[in-house]
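Examining the three-dimensional arrangement
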Amino acid sequence: MYKCAIIGVGPNRARGLAEAYQHIDRGRLVAVSARTAEHLSAFADEFGVEARYVDYREMFEREQPDLVHVNTPPTVRLEVLKAAQDAGVGALIVEKPLAIEGEDYRALAAFAATTSLKVAINHQLHFHPRRFELQQRVQDGQIGDVLSVEASCGMNLAYQGTHSLQAIGAFLPGRRPVQVFGQVSGTSGLVDTPRKHFAPDSAQAVISFDDQVQAHLQSGETAPKVGREGIHTHKRVAVHGTRGYIHWTMWSWEIGIDGRIEAGQHEYPAEDILGQARMSEAMFDWLEEDNSIHPLHLESALTDFNTVLGIYVSALERRPVCLPVDPPDRLIDRLRHELSGGHSASE
């Protein structure tokens, strides 16, 4: 039985991580960590976890976990990864976004190039039962050759945009993005907050892949509203092929093949808890067998985030950008300046 732990517990995303252990056979939640003692005690009591720590490094040393879920602001991700490597932790599942701008992207890429630590990014939608089935049907060629992909989400690139980029990649396995042409707007998401999820309010991009397939991304206020109540409910992806199409949203699905249509509905919370469980089970597979690489491994997340950086550079320089891009420093500050007309984003 694998020993599992969570860093950053409280009234946040950590609840879904813990609830998923109802559906996990090969691991159990043995320890949790948070800087806020009140959040730590309430969370540990609710989920029946005896080992609780204010210092995650002490948790690494004393508990020796096999798998750690990292639910922290992006600004401390690399610090946690390095500490886990030094402590001999087997694997990490890290919350998105992986990074925020060029400086932390480059530091994480340098870490990835030398570490043996097994790291995946928590895009659990990849494992939602219905979406995973649609991914397999597209991969099996049921809609023919893929011609294009559309993906969108109601929140900005830092909160949900990387979910949409991962969805594009899930339906285009083995393809490599080679160019992006993007535009962004709005400064509300660039104001400093404790979560540090800095991004413009809206983004649109056309992403070209190495086999000539194109993907269209919309993220934020201008994206289609296809969900229910709440800005977070509007994630969707559509794939168009030579024989048909698929369309997935957080609440529905549809596939058309040679004029025959199948469609239905699902409840996102029920799909999500199973997707989260399967996300962890896939990491156990990787712990057991080095060749069973997690599909959401760190290198794939770095590719997705490089596309985000390419969108920013494209918007600032008003031109298509070749990928991978070598991002300049202080992109977020440049976006604040340009999008606010030369004023501070907080003014």
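Above this text is the structure in question.
Keep in mind it's a predicted model, so treat the numbers as computed, not measured. (Residues numbered from 1 in each chain as written. Predicted model: local features only at pLDDT ≥ 70, side-chain atom pairs only at ≥ 80, totals over all residues. Heavy atoms only, no water.)

**Some remarks on the sheet that holds strand 5 (residues 91-94)**
- With parallel pairing, the six strands of this open sheet are ordered in space as 3-2-1-4-5-6. Whereas interior strands pair on both sides, the edge strands pair on one side only; in this sheet they are strand 3 (51-53) and strand 6 (118-121). On average, each strand axis in the sheet is tilted by 25° relative to the strand beside it, whichever way the strands run.
- Inspection of the sheet shows strand 5 paired to strand 6 by four bridges, in the parallel sense. (Pairing = 2+ DSSP bridges. Helix = DSSP H or I, 4+ residues; strand = E, 2+ residues; numbered from the N terminus. Axes fitted to C-alpha atoms, helices over the stretch in contact; angles between N-to-C directions.)

**A few points about the side chain of His123**
- Structurally, His123 can be placed in the loop between strand 6 and helix 6 (129-139).
- For His123, a relative accessible area of 5% corresponds to the buried category.
- At a separation of 3.1 Å, a polar atom in the side chain of His123 contacts the side chain of His163.
- If near-sequence neighbours (up to four positions away) are discounted, His123 is found in contact with Lys96, Thr162, His163, Gln166, Met279 and Leu296. (Buried < 20%, exposed > 50% of the residue type's maximum accessible area, 1.4 Å probe, protein only. Polar contact = N/O pair within 3.5 Å; in protein donor to acceptor, adjacent residues only side chain to side chain. Contact = heavy atoms within 4.5 Å.)

**A word on the pairing of strand 12 (residues 244-249)**
- Examined bridge by bridge, strand 11 (residues 236-241) and strand 12 share five bridges and lie antiparallel to one another. Looking across to strand 12, one finds that Ala238 is bridged to His247.
- A loop of two residues connects strand 11 with strand 12, the two strands running antiparallel in sequence.
- The pairing of strand 12 with strand 13 (residues 252-257) spans five bridges and is classified as antiparallel. Considered in strand 13, the bridge of His247 is made with Glu254.
- Two successive antiparallel strands, strand 12 and strand 13, enclose a turn made up of two residues.

**Re the packing of helix 9 (residues 298-317) against helix 10 (residues 331-339)**
- Running from amino to carboxyl end, helix 9 crosses helix 10 at an angle of 40°, the nearest separation of the two axes being 11 Å. Classified by the angle between their axes, helix 9 and helix 10 sit oblique to one another. Remark: the crossing between helix 9 and helix 10 carries left-handed chirality. The segment helix 9 lies against helix 10, with Leu309, Tyr312, Val313 and Leu316 engaging Leu331, Ile332, Arg334, Leu335 and Glu338.
- Of the residues contributing to the contact of helix 9 with helix 10, the split by class is seven nonpolar, no polar and two charged. (Parallel < 35°, antiparallel > 145°, perpendicular 65-115°, else oblique. Left-handed = near helix turned anticlockwise from the far one by under 90°. Nonpolar A, V, L, I, M, F, W, Y, C, P; charged D, E, K, R; others polar.)

**Focus: the nonpolar core**
- The biggest cluster of nonpolar side chains holds 82 residues, and the ones touching the most others in it are Phe60, Leu92, Ile168 and Tyr312.
- If you tally residues by element for this core, the top one is helix 9, at eleven residues.
- Ile168 has contacts with Val149, Ala151, Ile207, Phe209 and Ala215, leaving out every residue within four places of it along the chain. (Core = buried A, V, L, I, M, F, W, Y, C linked by side-chain atoms within 4.5 Å.)

**What about the sheet that holds strand 15 (residues 321-322)?**
- The mixed open sheet is built from nine strands, whose spatial order is 14-13-12-11-7-10-9-8-15. Each of the sheet's edge strands pairs with one partner strand only, and the pair in question is strand 14 (260-265) and strand 15.
- Sheet topology places strand 13 next to strand 14; six bridges connect them, and they run antiparallel. Across the sheet, the residue bridging to Ile257 is Arg260, located in strand 14.
- Relative to strand 8 (residues 177-185), helix 9 is tilted by about 55°, and along the sheet it contacts strand 8, strand 9 (202-209), strand 10 (214-220) and strand 15.

**Let's talk about the pattern of salt bridges**
- The tally for this structure, following the rule as stated, stands at 22 salt bridges.
- Its salt-bridge partner being Asp329, residue Arg106 comes within 2.2 Å of it at the nearest N-O pair. In this pair, Arg106 sits in helix 5 (residues 102-114) while Asp329 sits in the loop between strand 15 and helix 10, placing the two residues 223 residues apart along the sequence.
- Its relative accessible area of 30% is what places Arg106 among the partly exposed residues.
- Classification of Asp329 by relative accessible area gives partly exposed; the value is 43%. (Salt bridge = Lys/Arg side-chain N within 4 Å of Asp/Glu carboxyl O.)

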